[in-house]
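Remarks on the overall topology
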Amino acid sequence: MKNPVHPTQKPVKVLNHLVRLATKPGDLIFDPFMGVGSTGVSALQLGRRFTGIEIDPLYFQAASKRIEATTTELFTDEGEVNQEDPTEEQKDNLLSEIDEEPTLFSAL
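Reading guide: rules and limits
Residues numbered from 1 in each chain as written. Predicted model: local features only at pLDDT ≥ 70, side-chain atom pairs only at ≥ 80, totals over all residues. Heavy atoms only, no water. Helix = DSSP H or I, 4+ residues; strand = E, 2+ residues; numbered from the N terminus. Buried < 20%, exposed > 50% of the residue type's maximum accessible area, 1.4 Å probe, protein only. Contact = heavy atoms within 4.5 Å. Areas by Shrake-Rupley, 256 points an atom, 1.4 Å probe, with all protein chains shown as cover. Pairing = 2+ DSSP bridges. Right-handed = clockwise from strand over helix to strand, strands pointing away. Salt bridge = Lys/Arg side-chain N within 4 Å of Asp/Glu carboxyl O. Core = buried A, V, L, I, M, F, W, Y, C linked by side-chain atoms within 4.5 Å.

Bringing the overall build of the protein into the picture now. Broken down by element type, the protein carries 4 helices and 3 strands. Taking all 108 residues of the protein together, the buried fraction comes to 44%. Taking as baseline every contact in the protein between residues at least 6 positions apart, the subset at least 24 positions apart corresponds to 68%. A total of about 6600 Å² of accessible surface is found on the protein, and carbon and sulfur atoms cover 57% of it.

Within the secondary structure, V41 sits in helix α2 (residues 38–45). For the pair formed by V41 and A69, sequence separation is 28 residues and the distance between their alpha carbons is 8.9 Å. Residue contacts for V41: discarding those within four places in its chain leaves V12, R66, I67 and T70.

Among the structural elements, K10 can be located in the segment before α1 (12–22). Judged by relative accessible area, which is 42%, K10 ranks as partly exposed. Spatially, the C-alpha atoms of K10 and G35 are 9.9 Å apart, while their sequence positions differ by 25 residues. What K10 contacts, discounting residues up to four positions off in sequence, is L15 and S38.

Here 4 bridges tie strand β1 (residues 28–31) to strand β2 (residues 49–52), and the two strands are oriented parallel to one another. Looking at β2, one finds that I29 is bridged to F50. Taken together, β1, α2 and β2 constitute a β-α-β crossover, and its handedness is right-handed.

Burial of α2 is extensive: 8 of the 8 residues sit out of reach of the surface. The complete set of buried residues in α2 reads S38, T39, G40, V41, S42, A43, L44 and Q45.

So, about the pattern of salt bridges. If you walk through the whole model with that rule in mind, you get 1 salt bridge. Between D27 and K24 there is a salt bridge whose closest N-O contact spans 3.9 Å.

Looking now at the side chain of T70. With respect to the helices and strands, the residue T70 is situated in helix α3 (residues 57–76). Sequence-distant contacts of T70, defined by excluding residues within four places in its chain, comprise V41, L44 and Q45.

As a further point, take the nonpolar core. For soluble globular proteins, the rule of thumb is that nonpolar side chains tend to be buried together. Residues I29, M34, F50 and I67 are the most contacted members of the largest nonpolar core, which totals 13 residues. Looking at this core, the elements that each hand over two or more residues are α1, α2 and α3. With 4 residues, α3 is the single largest residue contributor to this core. What M34 contacts, discounting residues up to four positions off in sequence, is F50, G52, I53, E54, F60, A63 and I67.

Written as structure tokens, this is what we have:
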């Protein structure tokens, strides 16, 4: 499966709204069932720290790649917070190599 879709995946724009309401910049957001990492993407886009856990290796790899890409985008924009979702092409590129072994991931 090249681009896994989690059965309870939420749009990043909806999560951005919730993250803004419930947290402030610099807060740590913990998602113990992170799926493909939408909460992590939102947290990092909005200047929060993020730690997530996922038991399914396929979803974990997808989340790791999405979150890593978001972190890279944040630092390549000279410190500006990126508020846009990745394009479908970016998502496909990020998810094209999901055969790696899961590793611990935390964006603190």
